[in-house]
Amino acid sequence: MATALSEEELDNEDYYSLLNVRREASSEELKAAYRRLCMLYHPDKHRDPELKSQAERLFNLVHQAYEVLSDPQTRAIYDIYGKRGLEMEGWEVVERRRTPAEIREEFERLQREREERRLQQRTNPKGTISVGVDATDLFDRYDEEYEDVSGSSFPQIEINKMHISQSIEAPLTATDTAILSGSLSTQNGNGGGSINFALRRVTSAKGWGELEFGAGDLQGPLFGLKLFRNLTPRCFVTTNCALQFSSRGIRPGLTTVLARNLDKNTVGYLQWRWGIQSAMNTSIVRDTKTSHFTVALQLGIPHSFALISYQHKFQDDDQTRVKGSLKAGFFGTVVEYGAERKISRHSVLGAAVSIGVPQGVSLKVKLNRASQTYFFPIHLTDQLLPSAVFYATVGPLVVYFAMHRLIIKPYLRAQKEKELEKQRESAATDVLQKKQEAESAVTQGGARRGPSSTRSLSLGLIIVNAWYGKFVNDKSRKSEKVKVIDVTVPLQCLVKDSKLILTEASKAGLPGFYDPCVGEEKNLKVLYQFRGVLHQVMVLDSEALRIPKQSHRIDTDG
């Protein structure tokens, strides 16, 4: 059975880029692009045997691309499967007489079958490890009473609690999933554990149900039922019923959550909990690209509180976030502030300082690594000491910046170099072939673009210089190499009626182009002349380009 090609593989054989047309191009646009390139690379226009051979190769490549894209059936297969789908013997992917719509339906069916097989192999493990640290001896000491006790001059830091939980999923069918989870907890020498089994079924596109069974050494058996249902496109409800068996008898519990999308970024929640720790809670959550805001109010026994929190999301590569919250209730008041940052592709590190009455001061460090969470709450003092607040705030910052400079940054740089090297090795053959094709295209274009041609375009659009690849303009990146190729002639060959139009696609697929720096960010820089006036523009690799434009004009005043 055929599988769809990855984006990287499609880029290496992108017929749309070769013809310089949009993926939605009409048959007329394809025909016009094909005729223009045929005129440029037709073998009969060359007498030199070597030039003729090179022209035949380029002409055949353009002809092959047009043959595939001009036929609705082959174009539909290419759009879905790429070149590999076209190369299968006996048209094993789909029957040739099918329409493009039927081909796409067949692909969706095959995709569903592959998804079911992937479900059988996926366990989706999730886990949490929490280690509580008691460091109050750093700030709350009794030197006067215990100054004669051996070893009392050194602060005692202890691990006073620990919690470990893990869950895995076992998809049984496309709609049924079994979930197994367990947890172990210990605090001050006492602990216990529990194990739970749940069976979830997706009943429709609007809802699902889940049965849960559990047991533990601290509590008796547990039976639960959870239901989710979309009431309207903007409103849904979740209900969770549970029966907890213990030595004191059966303890029932019921939790219902009603939620509604107030707008595109805002959701309102109403929660009612009856049984163990009964309460009513209402909250509004607004999540946008740059911020996350929550306001909540709860009335219940024994906890009633009001909460407001805000998180700002910086639009940087490290996905930095800073947050702050205020929570006040019958138990006291807690102020919390902190930040989190992505330190590698799959890891996010965060820290928060919690200051409260009567809780004292705590530092919470959290590391998310893929689907695993490592949490370290460090209790510093039971009192509101400025020194504890200062060290809890400044200490993690100093440690992070030192680790980032000495460990994290060198590690990420080494990893990036390894990945780039692997990409270069895997793409070496393709790049060599593309380079040979590009050199042939430049030779053919140079033969067509002589002095007389340039003179005839003197009042139109002339590509003076064009470069494609990696440019380094930042002074802080002087050590990096500039990796560009000259694409002046290939771009001039694509000019038609004193206009140059490039679609939204990687420029590496254009005739006369190849990738000079696999896996790295690339740009196209063009210096051109229009009606005797110089213009200049630089665009990203996949960005569309249309010239000439007045905004590209170089100001030569003075």
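What you see is a predicted model; the values in this text were computed from it and never measured.

Draft legend 1. How the structure looks around the sheet that holds strand β21 (residues 523-530). Overall, antiparallel pairing links the four strands, which are arranged β19-β18-β21-β22 in an open sheet. The open sheet terminates on both sides in strands that have one partner only, identified here as β19 (483-486) and β22 (533-540). Neighbour-to-neighbour, the strand axes of the sheet open up by a mean angle of 20°, direction not taken into account. Direction of pairing for strand β18 (residues 461-470) relative to β19: antiparallel, over a ladder of four bridges. Bridge assignment links G469 to a residue of β19, and that residue is V484.

Draft legend 2. Representation of the packing of aromatic side chains. Under the definition given, this model contains nine aromatic pairs. Geometrically, the ring pair formed by Y34 and Y66 is stacked, given 4.2 Å between the ring centres and 5° between the ring planes. Residue Y34 is located in helix α3 (residues 27-41), and its partner Y66 is located in helix α4 (residues 49-70); the two are separated by 32 residues in the primary sequence. The exposure class assigned to Y34 is buried, which follows from its relative accessible area of 14%.

Draft legend 3. Quick look at the side chain of N523. Along the polypeptide, N523 turns up in strand β21. Taking the relative accessible area as the measure of exposure, N523 reaches 12% and is therefore buried. Within the structure, N523 has its side chain in polar contact with the backbone oxygen of V539 (distance 3.4 Å). Among all residues touching N523, those that are not within four sequence positions of it are W467, Y468, G469, F471, M538, V539, L540 and D541.

Draft legend 4. Looking closely at the nonpolar core. Counting residues in hydrophobic clusters, the biggest one holds 47 residues, and the most contacted among them are L19, I463, L491, L500, L524, V526 and I547. Of all the elements, α4 adds the most residues to this core, at eight residues. When residues no more than four places from it in sequence are discounted, the contact partners of L19 are L30, A33, L37, V62, A65, Y66 and L69. Formed by eight residues, the second largest nonpolar core is a distinct cluster that contains V353, I355, A388 and A392.

Draft legend 5. The confidence of the model for the chain, seen in detail. A residue-level look at the chain finds 78% of positions with pLDDT of 70 or above and a mean pLDDT of 80. pLDDT under 50 marks residues 89-94. Its contacts with residues more than four places away, or in other chains, come to 11 contacts. In this model, residues 450-457 is a region of pLDDT below 50 whose contacts with residues beyond four sequence positions or in other chains number five contacts.

Draft legend 6. Structural detail: the side chain of H552. Among the secondary structure elements, H552 is positioned in the segment after β23 (545-547). Setting aside anything within four residues of it in sequence, one finds H552 in contact with Y528, H535, Q536, V537, R546 and I547.

Draft legend 7. The arrangement of unusual backbone geometry in detail. The amide bond that connects V357 to the next residue, P358, takes the cis arrangement and shows omega of 10°. For P358, the position within the fold is in the loop between β15 (347-357) and β16 (360-369). Cis geometry is found at the peptide bond from I547 to P548, where omega equals 10°. Backbone geometry at S498 places phi at a positive 60°, although glycine is not the residue there.

Draft legend 8. Representation of α3 within the structure. For α3, spanning 15 residues, the distance from its first C-alpha to its last is 21 Å, which sits close to the expected 21 Å at 1.5 Å a residue. Considered for burial, the residues of α3 that qualify are L30, A33, Y34, L37, C38, L40 and Y41. Buried residues of α3, seen end-on, are gathered within an arc of 155° and therefore sit on one face of the element. For α3, the exposed residues set more than 90 degrees away from the buried face come down to E28, R35 and M39.

Draft legend 9. A look at the environment of I276. Residue position: I276 is located in the loop between β9 (266-274) and β10 (279-287). The class of I276 is partly exposed, set by a relative accessible area of 42%. C-alpha of I276 to C-alpha of L254: the two residues are 22 residues apart in sequence and 8.8 Å apart in space. Those residues in contact with I276 that lie beyond four places of it in its chain are R251 and P252.

Draft legend 10. A look at the pattern of salt bridges. Scanning the model with the defined rule gives 11 salt bridges in all. Between K313 and D287 there is a salt bridge whose closest N-O contact spans 2.5 Å. Residue K313 is found in strand β12 (residues 305-313), and its partner D287 is found in strand β10; the two are separated by 26 residues along the sequence. The class for K313 is buried, based on a relative accessible area of 11%. Judged by relative accessible area, which is 34%, D287 ranks as partly exposed.

About the criteria used
Residues numbered from 1 in each chain as written. Predicted model: local features only at pLDDT ≥ 70, side-chain atom pairs only at ≥ 80, totals over all residues. Heavy atoms only, no water. Pairing = 2+ DSSP bridges. Helix = DSSP H or I, 4+ residues; strand = E, 2+ residues; numbered from the N terminus. Axes fitted to C-alpha atoms, helices over the stretch in contact; angles between N-to-C directions. Phe/Tyr/Trp six-rings, centres within 6.5 Å; stacked < 30°, edge-to-face > 60°. Buried < 20%, exposed > 50% of the residue type's maximum accessible area, 1.4 Å probe, protein only. Polar contact = N/O pair within 3.5 Å; in protein donor to acceptor, adjacent residues only side chain to side chain. Contact = heavy atoms within 4.5 Å. Core = buried A, V, L, I, M, F, W, Y, C linked by side-chain atoms within 4.5 Å. pLDDT = per-residue confidence, 0-100. Expected span 1.5 Å × (residues − 1). Arc of directions from axis to C-beta. Salt bridge = Lys/Arg side-chain N within 4 Å of Asp/Glu carboxyl O.

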